[in-house]
Amino acid sequence: MTDPSAPRQPSLAERAMAARGNQAAAGYLAGLNPEQQAAVETLDGPVLVLAGAGTGKTRVLTTRIAHILNQRRAFPSEILAVTFTNKAAREMKERIAHLVGEAVEGMPWLGTFHATGVKILRRHAELVGLKPGFTILDTDDQNRLLKQLIQAEDIDEKRWPARVLASAIDGWKNRALTPDKVPAGEGAAYANGMGLKLYADYQARLKVLNAVDFGDLLLETIRLFRENPGVLAEYQRKFKFILVDEYQDTNVAQYLWLRLLAQRQEGRPQNICCVGDDDQSIYGWRGAEVDNILRFDKDFPGATVIRLERNYRSTGHILAAAAHLIAHNEGRLGKTLFTDGEDGAKPTLTSVWDSEEEARSIGEELEQLQRQGHLLNEAAILVRASFQMREFEDRFITIGLPYRVIGGPRFYERLEIRDALAYLRCVAQTSDDLAFERIVNTPKRGLGDATLQQLHDHARAQGVPLMQAARVLTETEEMKPKARRALKDLIDSFDRWAGQIEAMPHAELAQLVLDESGYTEMWQKDKTAEGAGRLENLKELVRSMEEFENLAGFLEHIALVTEARGEGETEDAVSIMTLHSAKGLEFETVFLPGWEEGLFPHQRSLDENGRAGLEEERRLAYVGITRARRRAKIYFAGNRRIHGLWQSTVPSRFVNDLPPDHVEISEGLGTSGYGGMGRGGFGQSRFDKVESFSSTYATPGWQRAQAQKSLNDAQARFTGRTGSQAFGSTYAEGRGGFQGRLTDRSGSGRTIEGELVAKSTGEPSRYQPGDRVFHLKFGYGDVVSAEGNKLTVQFDKAGEKKVVDSFVQAA
DNA sequence: TTTACGGGGTTTTTT
DNA sequence: ACCCCGTAAA
């Protein structure tokens, strides 16, 4: 192992080359610390860069590529750089462009594992029994295909859902297990031993359909390499340098894929550089093997290991808290982050009564920060599970605080988008059976199961695609006249559209297809909020197509990319997302709610993976804290509604993993919280007082809460609040008859909201009771009352909600 | 073709 | 408690 503090002196030749009149040379290395510089300049042999959170990982990766190019060690086309997500690939590309300009355009091998896999596979498709135009199935296609196979085997779909099998197959593929390699025991687990057979059937069916799923993009490439050493050698020679981002997230298949490409050639070790952080491995549940990073130097003997521990992101106390927390994990390579920066504010720890108070507190802290000039864009709420998001959304809608939910349903996975894409796939490739099946009766054309079955039978008998079968059958008398006419119309339409591919811009063609097929109309008839939203999405889809060369190019792109290109999110809004999707991001202020046993660490993680599960959860906590630059705010509630039931909860063990010296116990909302909300009247005996209403709260949750009082007192000891205080403010609010009364009491609370609202619009409400309005999230509804800018609306679907009028439009 | 009911599930997510 | 899905019945 090379001592990172003593970077290798460049050879004379290297220095001469570097001096070759390149001004940028000095520039790109200048701002690096010694370890980063070593990571950039150690070009020969295997290198593992253990990059802690916020230590400049991406910078090292991109600078290293710039350095390779600058040193003329390889052409841009000879560098393989792989990431996990498109987002990471995009970011890397942008940052390299920053360093080396146009040269990045010559880097065709910078991309995700899967995109790289497709690229290789398309070139050699015939060698693995595919045709070059093979389609890439997504999860949905996969499920429908599996469902067919399950039905064919007469297996009870209820007991053995297709998606369970899909995820089993996925898991096998993550571990590079082809049907012949699956351990017998595992193969038997599904449907009394049918699992393995179904997996094999599925693979056979994919071949017939000339299709692959995501897992195959890697597995088939591995097979290609193994069965064709010549092809492998070609790529091994081609890739002079290999760089891998987030190495701790690689699964077995990706690992094998990399190993094949990185095999030593002619006795020389390969120039592979993997960057990762074992402490940020949070995807074990989807097949990531932390082990890959832990045993890197065994896989690549003589590897240089460089640790990046100087953190440029967070203040001292935040780092100390994160470091102390993660130190509770065993089985890590061990890094300790440090900073030369200021200590800053200590992370805060706040105990709240329930999730509602949690949302209210965070909302008020956000408003307070905003008044101090803090951008909402620079704040994020990171939750363990997505159901936690709703509470925040509800609260923020009520107080009119702009927010953004990151990572909801993906654009291309939405029903309407998938339908639209299926139409386009059929236009582009008449043999795409899965796409055809999807839209044959969408919108309803009276082409039901019976017709489809007929098509299937014929198609299978003749060995032709469904659309071809349909073409033949409509020429005969075998079908009912009604179905026959409908089907004929559809086929004719597809012929017509396909004839237009060359003749008109593909975005226009898409619009034409959607309109003429009746698909647009189908959603226009749907008057719910959903319908309107879906039409919006369809418009967005057509718009986004313009960025692509042609229809085929567009379809290839979306098969690999699940996110829509983000419209410039310009509005200042707080982000709400899961801890998982926060990896790689950073914010000035980070709120970490829900630190309770069972939720975080999640019970299921503990149940299913025991100690390993716990450690992964703890890494998740570590990821959460290290997202913060200046403020990290941790919360735990004493009660939380889970699956609709109130459950009393115990603070997370991670709370106790934090170093007391670096954490500040927060008094909740300070003055604006208990006192400021005008509930001071409850005073010291708040608990007793509420208790006297206990008949009103004779819910199981409340009873449990009372039984839990001693536990809460224990919490209170930790938070420095008395037990009764820990019971918090408003159990009653939002529940039945006390709502009005407590709302009245909270006059000062309304003032806070009033200020905010006044700031945002300054106008009296444009709406009156009885007005029909539309809300993006809740759909259509009638205004019940209007008070300033705040409306109470009875929504058709979502029930009565308080919203700020700028969130709705007249309907 | 729509609607009503029952049943099952309810952590994290990419490609 | 709620939501999604699929099936059965109108």
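Conventions used here
- Residues numbered from 1 in each chain as written.
- Chains lettered and ligands numbered in written order.
- Predicted model: local features only at pLDDT ≥ 70, side-chain atom pairs only at ≥ 80, totals over all residues.
- Heavy atoms only, no water.
- UniProt positions renumbered as here; feature names shortened; annotations may be inferred.
- Near = heavy atom within 4 Å.
- Polar contact = N/O pair within 3.5 Å; in protein donor to acceptor, adjacent residues only side chain to side chain.
- Helix = DSSP H or I, 4+ residues; strand = E, 2+ residues; numbered from the N terminus.
- Nonpolar A, V, L, I, M, F, W, Y, C, P; charged D, E, K, R; others polar.
- Buried < 20%, exposed > 50% of the residue type's maximum accessible area, 1.4 Å probe, protein only.
- Pairing = 2+ DSSP bridges.
- Salt bridge = Lys/Arg side-chain N within 4 Å of Asp/Glu carboxyl O.
- pLDDT = per-residue confidence, 0-100.
- Contact = heavy atoms within 4.5 Å.
- Domains from an automatic or database assignment.
- Axes fitted to C-alpha atoms, helices over the stretch in contact; angles between N-to-C directions.
- Parallel < 35°, antiparallel > 145°, perpendicular 65-115°, else oblique.
- Left-handed = near helix turned anticlockwise from the far one by under 90°.
- Core = buried A, V, L, I, M, F, W, Y, C linked by side-chain atoms within 4.5 Å.
- Phe/Tyr/Trp six-rings, centres within 6.5 Å; stacked < 30°, edge-to-face > 60°.
- Right-handed = clockwise from strand over helix to strand, strands pointing away.

Naming follows an unreviewed UniProt entry, where chain A appears as DNA 3'-5' helicase of Phreatobacter cathodiphilus. Its UniProt record, at the heading Sequence similarities (unreviewed entry), says of chain A: "Belongs to the helicase family. UvrD subfamily." In UniProt, chain A has this text filed under Function (unreviewed entry): "Has both ATPase and helicase activities. Unwinds DNA duplexes with 3' to 5' polarity with respect to the bound strand and initiates unwinding most effectively when a single-stranded region is present. Involved in the post-incision events of nucleotide excision repair and methyl-directed mismatch repair."

Undergrad: Any chance you could explain the protein's contact with DNA strand B here in plain terms?
TA: With respect to spatial proximity, 23 residues lie near DNA strand B, and among them Arg-384, Ser-386, Arg-410, Thr-578 and Arg-604 are the closest. For DNA strand B, the backbone makes up 61% of the atoms found within 4 Å of the protein, where backbone means sugar plus phosphate. Trp-285 has a polar side-chain atom sitting 3.3 Å from a base oxygen of DNA strand B. At a separation of 2.3 Å, a phosphate oxygen of DNA strand B approaches a polar side-chain atom of Ser-386. When residues of the surface near DNA strand B are traced back to their parent elements, those giving at least two are α28 (579-582) and α29 (603-625). Its residues assigned to classes, the surface near DNA strand B comprises six nonpolar, eleven polar and six charged.

Undergrad: It is not clear to me how the pairing of strand β1 (residues 47-51) should be interpreted in this structure. Could you clarify?
TA: Within a regular strand, the side chains alternate between the two sheet faces. Of all five residues that make up β1, five are buried, and the element is covered over most of its length. Every second residue of β1 is oriented toward a common face, with Val-47, Val-49 and Ala-51 on one face and Leu-48 and Leu-50 on the other, all of them buried. Inspection of the sheet shows β1 paired to strand β8 (residues 304-308) by five bridges, in the parallel sense. Within β8, the position partnered with Val-49 by the bridge is Ile-306. In this structure, β1 lies alongside strand β7 (residues 272-276), joined through four bridges in parallel fashion. Counterpart to Leu-50 in the pairing with β7 is Gly-276.

Undergrad: Honestly, the pattern of salt bridges in this entry has me stumped. Any pointers?
TA: When the charged atoms of two side chains lie near each other, side chains of opposite charge can form a pair. Per the counting criterion, the structure on display carries 57 salt bridges. Two residues, Arg-438 and Asp-140, come together in a salt bridge whose shortest N-O distance is 2.8 Å. With Arg-438 in helix α20 (residues 433-439) and Asp-140 in helix α7 (residues 139-152), the pair connects residues that are 298 residues apart, well separated along the chain. By relative accessible area, Arg-438 is classed as buried at 15%. In this structure Asp-140 comes out as partly exposed when scored by relative accessible area, which is 31%. For Glu-378, the salt bridge goes to Arg-629, with nearest N and O atoms at 2.4 Å. Pair noted here: Glu-378 is in the loop between α17 (355-371) and β10 (379-383) and Arg-629 is in strand β14 (residues 628-642), with a separation of 251 residues, a long-range link. Looking at Glu-378, the relative accessible area reads 26%, which means it is partly exposed.

Undergrad: How should the confidence of the model for chain A be read in this particular structure?
TA: As a general rule, the predicted coordinates of low-pLDDT regions are not to be interpreted in detail. Here chain A averages 80 in pLDDT, and 81% of its residues register 70 or above. Below pLDDT 50 for its whole length, residues 1-7 participates in ten contacts with residues either more than four positions away or in separate chains. In this model residues 669-763 is a low-confidence stretch, pLDDT under 50, and it forms 142 contacts with partners more than four residues away in sequence or in other chains.

Undergrad: Would you mind showing me how to read the protein's contact with DNA strand C here?
TA: Neighbouring DNA strand C are the residues Lys-147, His-643 and Gly-644. The contact atoms of DNA strand C, taken as those within 4 Å of the protein, divide so that sugar and phosphate hold 45%. Between DNA strand C and Lys-147, the relevant distance is 2.9 Å, taken from a phosphate oxygen to a side-chain nitrogen or oxygen of the residue.

Undergrad: Looking at this model, I keep getting lost on the domain arrangement of chain A. Mind explaining?
TA: By convention, interface size is frequently given as the accessible area that disappears when the constituent parts associate. Split into domains, chain A comes out as domain 1 (30-134 + 211-310), domain 2 (137-209), domain 3 (348-402 + 571-666), domain 4 (412-556) and domain 5 (771-810). When each unit is reduced to the centre of its C-alpha atoms, the spacing between domain 1 and domain 4 is 39 Å.

Undergrad: Where do I start with the environment of Val-118 in this structure?
TA: Within the secondary structure layout, Val-118 lies in helix α6 (residues 113-123). Each residue touching Val-118, except ones within four places of it in the same chain, is listed here: Phe-134, Ile-136, Leu-217, Glu-556 and Leu-560.

Undergrad: What is the right way to look at the sheet that holds strand β2 (residues 79-83) in this model?
TA: The strands making up a sheet associate through hydrogen bonds between their backbones, and the pairing can be parallel or antiparallel. The strand order across the open sheet built from six strands is β3-β2-β6-β7-β1-β8, with neighbouring strands paired in parallel fashion. Both outer strands of the open sheet, β3 (110-112) and β8, are each paired with one neighbouring strand and no more. For this sheet the average axis-to-axis angle between neighbouring strands, irrespective of direction, equals 15 degrees. Across the sheet, helix α4 (residues 57-70) touches β1, β2, β6 (241-244), β7 and β8, and the angle it forms with β6 is around 170 degrees.

Undergrad: Sorry if this is basic, but what is going on with the packing of α6 against helix α13 (residues 252-261) here?
TA: Each pair of packed helices can be summarised by the angle the axes make with each other and by the distance between the axes. Remark: α6 packs on α13, axes separated minimally by 12 Å, with the N-to-C direction vectors making an angle of 55 degrees. Here α6 is positioned oblique relative to α13, judged by the angle of their axes. Read as a crossing pair, α6 and α13 show a hand that is left-handed. Within the contact between the two elements, α6 uses Phe-113, His-114, Thr-116, Gly-117 and Ile-120 and α13 uses Gln-254, Trp-257 and Leu-258. A class-by-class count of the residues in the contact of α6 with α13 yields four nonpolar, four polar and no charged.

Undergrad: Please explain the nonpolar core as it appears in this structure.
TA: Nonpolar side chains in soluble globular proteins generally cluster together in the buried interior. Grouped together as the largest cluster of nonpolar side chains are 48 residues, with contacts concentrated most on Leu-421, Phe-436, Phe-494 and Phe-554. Per-element tally for this core: the top contributor is helix α19 (residues 415-428), with eight residues. For Phe-554, the contacting residues outside a window of four places in its chain are Tyr-412, Leu-421, Leu-424, Leu-541, Ser-544, Met-545 and Phe-548.

Undergrad: I tried to follow the packing of aromatic side chains on my own but got confused; where do I start?
TA: Here a ring pair, both rings aromatic, is described through the centre-centre distance and the interplanar angle of the planes. On inspection of all chains with the given rule, the structure shows 23 aromatic pairs. Residues Tyr-235 and Phe-239 carry aromatic rings whose centres are separated by 6.0 Å and whose planes lie at 35 degrees to one another, so their mutual orientation is tilted. Owing to a relative accessible area of 0%, Tyr-235 belongs among the buried residues under this scheme. The exposure class of Phe-239 is buried, given its relative accessible area of 1%. Between Tyr-423 and Trp-497 the ring centres are 6.4 Å apart and the planes differ by 80 degrees, which places this aromatic pair in the edge-to-face class. Taken together, the residues span a long stretch of sequence, with Tyr-423 in helix α19 and Trp-497 in helix α23 (residues 481-499) at a distance of 74 residues. Across this residue pair, the class does not change: Tyr-423 and Trp-497 are buried. An aromatic cluster is present here, built from Tyr-423, Phe-494, Trp-497, Tyr-519 and Trp-523 joined pairwise through their rings.

Undergrad: When you look at unusual backbone geometry in this model, what are you seeing that I'm missing?
TA: For residues besides glycine, phi is generally negative; the peptide bonds are generally trans as well. Residues Thr-442 and Pro-443 are joined by a peptide bond in cis, for which omega reads 0 degrees. Tracing the sequence through the fold places Pro-443 in the loop between α20 and α21 (449-462). A cis amide bond, omega 10 degrees, links Phe-600 with the succeeding residue Pro-601. Its location among the elements puts Pro-601 in the loop between β13 (587-592) and α29. The backbone phi angle of Ala-176 is positive, close to 60 degrees, even though this residue is not glycine. As for its position among the elements, Ala-176 is in the loop between α8 (162-174) and α9 (184-188). The class for Ala-176 is buried, based on a relative accessible area of 14%.

Undergrad: In this structure, what is going on with the pairing of β2? I would like to understand it.
TA: β2 sits mainly inside the fold: five of its five residues count as buried. Alternating residues of β2 divide into Ile-79, Ala-81 and Thr-83 and Leu-80 and Val-82, and every residue in both groups is buried. Sheet topology note: the β2/β6 ladder contains four bridges and is parallel. By the bridge assignment, Val-82 is partnered in β6 with Val-244. For β2 and β3, the ladder comprises three bridges, and the chain directions are parallel. Residue pairing for β3: Ala-81 is matched across the bridge by Leu-110. Taking the sense of rotation as the criterion, the β-α-β connection linking β2, helix α5 (residues 86-100) and β3 turns out right-handed.

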